[in-house]
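Now for the letters of each chain:
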Amino acid sequence: MKRLAVLVSGSGSNMQSIADSVNRGILKGLVEIVLVISNNPGAYALERARNENIKAVCIERKSFEDEISFNGAILRELRNAETDIVCLAGYMRMIGREIIRAYRGKMLNIHPALLPKFGGKGMYGRHVHEAVVKSGETKSGATVHFVEEEYDTGKIIVQREVEVFASDTPQDISKRVLAVEHRIYPEAIKKVIEGKV
Ligand code: GAR
(Lines give C-alpha, C1' and ligand atoms only; values in the text may rest on other atoms or scores of the structure.)
Protein backbone atom coordinates (compact mmCIF):
# COMPACT_ATOMS: atom_id res chain seq x y z
CA MET A 1 0.00 0.00 0.00
CA LYS A 2 1.32 3.43 -0.96
CA ARG A 3 0.96 6.14 1.66
CA LEU A 4 -0.66 9.21 0.12
CA ALA A 5 -0.82 12.78 1.44
CA VAL A 6 -3.15 15.39 -0.06
CA LEU A 7 -2.54 19.15 0.07
CA VAL A 8 -5.64 21.32 -0.20
CA SER A 9 -6.84 24.89 0.22
CA GLY A 10 -10.55 24.87 -0.51
CA SER A 11 -13.56 22.69 -1.08
CA GLY A 12 -11.63 19.45 -1.39
CA SER A 13 -13.87 17.78 -3.96
CA ASN A 14 -10.80 16.24 -5.63
CA MET A 15 -9.58 14.97 -2.28
CA GLN A 16 -13.03 13.45 -1.79
CA SER A 17 -12.90 11.72 -5.17
CA ILE A 18 -9.50 10.22 -4.27
CA ALA A 19 -10.88 9.08 -0.90
CA ASP A 20 -13.93 7.54 -2.61
CA SER A 21 -11.64 5.65 -5.02
CA VAL A 22 -9.61 4.39 -2.07
CA ASN A 23 -12.76 3.29 -0.21
CA ARG A 24 -14.60 1.63 -3.05
CA GLY A 25 -12.97 2.35 -6.41
CA ILE A 26 -9.85 1.87 -8.50
CA LEU A 27 -7.42 2.75 -5.68
CA LYS A 28 -8.81 0.22 -3.21
CA GLY A 29 -6.00 -1.95 -1.84
CA LEU A 30 -3.35 0.20 -3.55
CA VAL A 31 -3.41 3.37 -1.51
CA GLU A 32 -4.00 4.63 1.99
CA ILE A 33 -4.55 8.38 2.55
CA VAL A 34 -2.42 9.07 5.61
CA LEU A 35 -2.57 12.85 5.79
CA VAL A 36 -4.40 15.93 4.56
CA ILE A 37 -2.68 19.30 4.89
CA SER A 38 -4.47 22.61 4.34
CA ASN A 39 -2.89 26.07 4.38
CA ASN A 40 -6.38 27.50 4.96
CA PRO A 41 -8.12 26.88 8.32
CA GLY A 42 -11.52 27.53 6.70
CA ALA A 43 -11.10 24.88 3.99
CA TYR A 44 -14.10 22.58 3.74
CA ALA A 45 -11.56 19.92 2.70
CA LEU A 46 -10.48 19.68 6.37
CA GLU A 47 -14.02 18.75 7.39
CA ARG A 48 -14.26 16.21 4.58
CA ALA A 49 -10.97 14.65 5.74
CA ARG A 50 -12.20 14.36 9.33
CA ASN A 51 -15.45 12.78 8.11
CA GLU A 52 -13.30 10.18 6.35
CA ASN A 53 -11.23 9.64 9.52
CA ILE A 54 -8.11 10.92 7.81
CA LYS A 55 -5.57 12.87 9.85
CA ALA A 56 -6.02 16.51 8.85
CA VAL A 57 -3.72 19.38 9.82
CA CYS A 58 -3.72 23.06 9.03
CA ILE A 59 -0.35 24.72 8.40
CA GLU A 60 -0.82 28.43 7.82
CA ARG A 61 1.85 30.62 6.26
CA LYS A 62 1.15 33.41 8.75
CA SER A 63 2.21 31.20 11.68
CA PHE A 64 5.78 31.21 10.34
CA GLU A 65 8.41 33.89 9.95
CA ASP A 66 9.41 32.99 6.42
CA GLU A 67 8.74 30.61 3.51
CA ILE A 68 11.62 28.36 4.53
CA SER A 69 10.24 27.57 7.98
CA PHE A 70 6.68 27.25 6.56
CA ASN A 71 7.87 24.74 3.95
CA GLY A 72 9.96 23.01 6.60
CA ALA A 73 6.83 22.43 8.69
CA ILE A 74 5.00 20.91 5.70
CA LEU A 75 7.95 18.67 4.86
CA ARG A 76 8.18 17.51 8.48
CA GLU A 77 4.49 16.49 8.51
CA LEU A 78 4.90 14.65 5.20
CA ARG A 79 7.96 12.79 6.49
CA ASN A 80 6.41 11.99 9.87
CA ALA A 81 3.49 10.39 8.05
CA GLU A 82 5.97 8.35 5.96
CA THR A 83 4.38 9.73 2.81
CA ASP A 84 5.20 7.99 -0.48
CA ILE A 85 3.10 10.16 -2.83
CA VAL A 86 1.91 13.76 -2.49
CA CYS A 87 -1.17 15.00 -4.36
CA LEU A 88 -1.87 18.70 -4.70
CA ALA A 89 -5.64 18.99 -5.00
CA GLY A 90 -6.70 22.62 -5.21
CA TYR A 91 -3.64 23.73 -3.22
CA MET A 92 -3.50 27.43 -3.99
CA ARG A 93 0.03 28.31 -2.93
CA MET A 94 3.34 27.87 -4.69
CA ILE A 95 4.83 24.70 -3.27
CA GLY A 96 8.31 25.10 -1.74
CA ARG A 97 11.34 24.08 -3.76
CA GLU A 98 12.66 21.90 -0.94
CA ILE A 99 9.38 19.94 -0.86
CA ILE A 100 9.41 19.49 -4.65
CA ARG A 101 12.99 18.22 -4.49
CA ALA A 102 12.15 15.76 -1.72
CA TYR A 103 9.20 14.31 -3.69
CA ARG A 104 10.27 14.76 -7.32
CA GLY A 105 8.50 12.15 -9.46
CA LYS A 106 6.17 11.43 -6.52
CA MET A 107 4.27 14.72 -6.36
CA LEU A 108 1.21 15.24 -8.58
CA ASN A 109 -0.96 18.27 -9.28
CA ILE A 110 -4.33 18.66 -10.97
CA HIS A 111 -4.93 21.68 -13.17
CA PRO A 112 -8.35 22.68 -14.60
CA ALA A 113 -7.23 23.18 -18.22
CA LEU A 114 -5.44 21.47 -21.09
CA LEU A 115 -1.84 22.27 -20.15
CA PRO A 116 0.37 23.78 -21.47
CA LYS A 117 -2.55 26.06 -22.39
CA PHE A 118 -3.92 28.24 -19.59
CA GLY A 119 -1.17 27.39 -17.10
CA GLY A 120 1.39 29.44 -15.21
CA LYS A 121 1.32 32.14 -12.57
CA GLY A 122 -2.14 33.55 -11.82
CA MET A 123 -3.87 30.72 -13.70
CA TYR A 124 -5.80 28.89 -11.03
CA GLY A 125 -9.40 28.13 -10.17
CA ARG A 126 -11.97 30.42 -11.82
CA HIS A 127 -9.27 32.56 -13.51
CA VAL A 128 -8.55 29.61 -15.81
CA HIS A 129 -12.18 29.24 -16.89
CA GLU A 130 -12.57 33.00 -17.36
CA ALA A 131 -9.53 32.99 -19.66
CA VAL A 132 -10.95 30.04 -21.63
CA VAL A 133 -14.25 31.91 -22.21
CA LYS A 134 -12.38 35.05 -23.32
CA SER A 135 -10.17 33.07 -25.70
CA GLY A 136 -13.09 31.57 -27.62
CA GLU A 137 -11.61 28.05 -27.35
CA THR A 138 -14.03 25.24 -28.19
CA LYS A 139 -12.31 22.77 -25.87
CA SER A 140 -10.99 22.80 -22.34
CA GLY A 141 -10.27 19.99 -19.92
CA ALA A 142 -8.16 18.86 -17.02
CA THR A 143 -4.58 17.72 -16.60
CA VAL A 144 -2.79 15.71 -13.93
CA HIS A 145 0.97 16.23 -14.07
CA PHE A 146 4.12 15.82 -12.02
CA VAL A 147 5.15 18.91 -10.07
CA GLU A 148 8.33 20.69 -11.12
CA GLU A 149 9.78 23.94 -9.86
CA GLU A 150 8.21 26.02 -12.64
CA TYR A 151 4.39 26.36 -12.42
CA ASP A 152 2.38 23.74 -14.32
CA THR A 153 5.33 22.43 -16.35
CA GLY A 154 5.94 18.84 -15.21
CA LYS A 155 5.34 15.74 -17.31
CA ILE A 156 1.67 15.08 -18.06
CA ILE A 157 0.25 11.86 -16.59
CA VAL A 158 -3.40 12.06 -17.71
CA GLN A 159 -5.21 14.75 -19.66
CA ARG A 160 -8.86 14.76 -20.76
CA GLU A 161 -10.91 17.17 -22.85
CA VAL A 162 -14.37 18.64 -22.37
CA GLU A 163 -16.34 20.62 -24.92
CA VAL A 164 -16.82 24.35 -24.53
CA PHE A 165 -19.97 25.91 -26.00
CA ALA A 166 -20.35 29.51 -27.15
CA SER A 167 -23.05 30.10 -24.50
CA ASP A 168 -20.88 28.78 -21.61
CA THR A 169 -20.12 30.88 -18.55
CA PRO A 170 -16.90 30.21 -16.59
CA GLN A 171 -19.09 28.41 -14.02
CA ASP A 172 -20.51 26.09 -16.70
CA ILE A 173 -17.01 25.14 -17.82
CA SER A 174 -15.83 24.75 -14.24
CA LYS A 175 -18.60 22.22 -13.49
CA ARG A 176 -17.88 20.19 -16.63
CA VAL A 177 -14.13 20.22 -15.98
CA LEU A 178 -14.49 19.33 -12.30
CA ALA A 179 -16.50 16.22 -13.18
CA VAL A 180 -13.59 15.11 -15.38
CA GLU A 181 -11.04 15.98 -12.68
CA HIS A 182 -12.80 13.64 -10.27
CA ARG A 183 -12.30 10.76 -12.70
CA ILE A 184 -8.76 11.44 -13.91
CA TYR A 185 -7.03 12.13 -10.57
CA PRO A 186 -7.57 8.59 -9.26
CA GLU A 187 -6.61 7.21 -12.71
CA ALA A 188 -3.37 9.21 -12.69
CA ILE A 189 -2.46 8.04 -9.17
CA LYS A 190 -3.03 4.44 -10.25
CA LYS A 191 -0.80 4.92 -13.31
CA VAL A 192 2.01 6.33 -11.17
CA ILE A 193 1.77 3.53 -8.63
CA GLU A 194 1.79 0.89 -11.36
CA GLY A 195 4.79 2.56 -13.03
CA LYS A 196 2.81 3.13 -16.25
CA VAL A 197 3.91 6.72 -16.82
C1 GAR B 1 -9.91 22.32 -9.04
O2 GAR B 1 -10.63 22.72 -10.18
C3 GAR B 1 -8.43 22.27 -9.34
O4 GAR B 1 -8.13 21.82 -10.63
C5 GAR B 1 -8.06 23.72 -9.19
O6 GAR B 1 -8.78 24.16 -8.07
C7 GAR B 1 -9.99 23.39 -7.95
C8 GAR B 1 -10.04 22.80 -6.56
O9 GAR B 1 -11.28 22.20 -6.32
N10 GAR B 1 -6.64 23.85 -9.00
C11 GAR B 1 -5.92 24.84 -9.53
O12 GAR B 1 -6.40 25.74 -10.17
C13 GAR B 1 -4.43 24.77 -9.24
N14 GAR B 1 -3.70 25.53 -10.19
P15 GAR B 1 -11.48 21.20 -5.08
O16 GAR B 1 -10.93 21.91 -3.83
O17 GAR B 1 -12.96 21.02 -5.00
O18 GAR B 1 -10.75 19.93 -5.37
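Residues numbered from 1 in each chain as written. Predicted model: local features only at pLDDT ≥ 70, side-chain atom pairs only at ≥ 80, totals over all residues. Heavy atoms only, no water.

1. Some words on the environment of aspartate 20
By secondary structure assignment, the location of aspartate 20 is in helix 1 (residues 13-24). Expressed as a C-alpha distance, the spacing of aspartate 20 and leucine 115, which sit 95 residues apart in the sequence, is 26 Å. Dropping the residues within four chain positions of it, aspartate 20 is found in contact with Gly25 and Glu52. (Helix = DSSP H or I, 4+ residues; strand = E, 2+ residues; numbered from the N terminus. Contact = heavy atoms within 4.5 Å.)

2. Examining helix 6 (residues 170-193)
For helix 6, which comprises 24 residues, the first-to-last C-alpha distance of 34 Å matches the rise-based estimate of 34 Å (1.5 Å per residue) to within 8%. Within helix 6, burial applies to Ile173, Val177, Val180, Glu181, Ile184, Tyr185, Pro186, Ala188, Ile189 and Val192. (Expected span 1.5 Å × (residues − 1). Buried < 20%, exposed > 50% of the residue type's maximum accessible area, 1.4 Å probe, protein only.)

3. Overview of the state of the cysteines
All told, the structure shown has zero disulfides when counted by the stated rule. In this structure cysteine 58 is a free cysteine whose sulfur lies 19 Å from that of cysteine 87, the closest cysteine sulfur available. (Disulfide = S-S within 2.5 Å.)

4. Quick look at the packing of aromatic side chains
Using the criterion set out here, one finds one aromatic pair in the structure. With centroids separated by 6.0 Å and ring planes inclined at 55 degrees, the aromatic side chains of phenylalanine 64 and phenylalanine 70 adopt a geometry described as tilted. For phenylalanine 64, a relative accessible area of 24% corresponds to the partly exposed category. (Phe/Tyr/Trp six-rings, centres within 6.5 Å; stacked < 30°, edge-to-face > 60°.)

5. Section: the site of the ligand
Neighbouring the ligand are 14 residues; Gly12, Ser13, Asn14, Gly125 and Glu181 lie closest to it. A distance of 2.6 Å separates an oxygen atom of the ligand from a polar atom in the side chain of serine 13. With respect to the ligand, the backbone of asparagine 14 contributes an N or O atom lying 2.9 Å from an oxygen atom. Coverage of the ligand by the protein amounts to 89% of the 450 Å² it exposes when considered alone. Counting only elements with at least two residues in the shell around the ligand, the list comes to helix 1, strand 5 (107-111) and helix 6. The class makeup of the residues in the shell around the ligand is six nonpolar, seven polar and one charged. (Near = heavy atom within 4 Å. Polar contact = N/O pair within 3.5 Å; in protein donor to acceptor, adjacent residues only side chain to side chain. Areas by Shrake-Rupley, 256 points an atom, 1.4 Å probe, with all protein chains shown as cover. Nonpolar A, V, L, I, M, F, W, Y, C, P; charged D, E, K, R; others polar.)

6. Examining the packing of helix 5 (residues 126-135) against helix 6
Packed helices, taken two at a time, are described by their axes: the angle between them and the distance between them. Helix 6 packs onto helix 5 with a crossing angle of 115 degrees between their chain directions and a minimal axis gap of 8 Å. Judged by the sense of rotation from one axis to the other, the crossing of helix 5 with helix 6 is right-handed. Judged by residue contacts, His129, Glu130, Val132 and Val133 of helix 5 engage Pro170, Ile173, Ser174 and Val177 from helix 6. For the contact of helix 5 with helix 6, a count of residues per class yields five nonpolar, two polar and one charged. (Axes fitted to C-alpha atoms, helices over the stretch in contact; angles between N-to-C directions. Left-handed = near helix turned anticlockwise from the far one by under 90°.)

7. What to know about the packing of helix 1 against helix 6
Where helix 1 meets helix 6, the closest approach of the two axes is 9 Å, and the angle between their N-to-C directions is 50 degrees. Relative to helix 6, the element helix 1 lies oblique. The way helix 1 lies across helix 6 gives a crossing that is right-handed. Residues Ser13, Asn14, Ser17, Ile18 and Ser21 of helix 1 pack against Leu178, Glu181, His182, Tyr185, Pro186 and Ile189 of helix 6. Across the contact of helix 1 with helix 6, the residue classes tally to five nonpolar, five polar and one charged. (Parallel < 35°, antiparallel > 145°, perpendicular 65-115°, else oblique.)

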